[in-house]
Amino acid sequence: MISAAQTNHPLNGQSESSPTAAALQIACNRLKSAGLRITQPRIAILEALIKRSLPASIEQLHAELSNSACDLVTVYRCLAAFEELNLVRRCYFHNGTSLYQITLDDTPSYHVIDKTANSVAELDADLAMELREDMQEIERKLIARGFTDVSHMVEFFGRAPKHPVDRMQNNALMAEIR
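Parameters and conventions
- Residues numbered from 1 in each chain as written.
- Predicted model: local features only at pLDDT ≥ 70, side-chain atom pairs only at ≥ 80, totals over all residues.
- Heavy atoms only, no water.
- Helix = DSSP H or I, 4+ residues; strand = E, 2+ residues; numbered from the N terminus.
- Buried < 20%, exposed > 50% of the residue type's maximum accessible area, 1.4 Å probe, protein only.
- Axes fitted to C-alpha atoms, helices over the stretch in contact; angles between N-to-C directions.
- Parallel < 35°, antiparallel > 145°, perpendicular 65-115°, else oblique.
- Contact = heavy atoms within 4.5 Å.
- Nonpolar A, V, L, I, M, F, W, Y, C, P; charged D, E, K, R; others polar.
- Left-handed = near helix turned anticlockwise from the far one by under 90°.
- Salt bridge = Lys/Arg side-chain N within 4 Å of Asp/Glu carboxyl O.

On to unusual backbone geometry. Unlike most non-glycine residues, N86 shows phi in positive territory, near 55 degrees. Of note, N86 is situated in the loop between α4 (72-84) and β1 (88-92). Judged by relative accessible area, which is 54%, N86 ranks as exposed.

Turning next to the packing of helix α2 (residues 40-51) against α4. Remark: α2 packs on α4, axes separated minimally by 10 Å, with the N-to-C direction vectors making an angle of 75 degrees. In terms of axis orientation, α2 runs roughly perpendicular to α4. In contact with P41, R42, I45, L46 and L49 of α2, α4 contributes T74, V75, C78, L79 and F82. Across the contact of α2 with α4, the residue classes break down as eight nonpolar, one polar and one charged.

Moving on to the packing of helix α1 (residues 19-33) against α2. Angle between the axes and distance between the axes are the two parameters that describe a pair of packed helices. Packing of α1 against α2 brings their axes to within 10 Å, and their N-to-C directions diverge by 130 degrees. In terms of orientation, α1 lies oblique with respect to α2. When the axes of α1 and α2 are compared, the crossing they make is right-handed. Note on element contacts: α2 touches α1 through R42, I43, L46, E47 and I50, opposite T20, A23, L24, A27, C28 and L31. Among the residues making up the contact of α1 with α2, the classes are represented as eight nonpolar, one polar and two charged.

As a further point, take the pattern of salt bridges. Overall, the coordinates contain three salt bridges when judged by the stated rule. One salt bridge in this structure joins E64 and R52, with 2.9 Å as the shortest N-O distance. On the criterion of sequence distance, the pair formed by E64 in helix α3 (residues 58-64) and R52 in the loop between α2 and α3 is long-range, its members being 12 residues apart. The class for R52 is partly exposed, based on a relative accessible area of 23%. For R140, the salt bridge goes to E137, with nearest N and O atoms at 2.9 Å. Linking R140 with E137, this pair stays in helix α5 (residues 125-144), spanning three residues, or about one helical turn. Owing to a relative accessible area of 32%, E137 belongs among the partly exposed residues under this scheme.

Geometry only, nothing functional implied.
Printed below as a string of structure tokens:
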């Protein structure tokens, strides 16, 4: 068994007090409890995911890794393993491209994908909370009807306003909807 104090351990050199290090430790604990080894490629991929606030494609994550960190196939395999452990959440662009986001807690995040720019924005806190409550209620009803292992995936797709004035009107409209 390799301890974190050993110089060849993947977590060696991490500052225990940084938010990234704390998130990385949570992720590594989940990998260990699933019986998976903590390897340099897994650490590099987890760090890239933790540093991002929004979902990323496998190709984007691979591009962010140093050339020696791991190859594209390793990124695919690691993300598949992370997804099975619910360590990452997969969402989609409107064209079918898979995007991945780290999930260290049980709070789902929801996104709006701009179909024109292929950009992702997280739903604001108020709308996300309202949607989360609605989804939890639906999940409870499905469980009451006998469904097991119930989960959901919600993504919104649209075209973002083009002009700053349109954006301000859109923000005012979103405030009215709330």
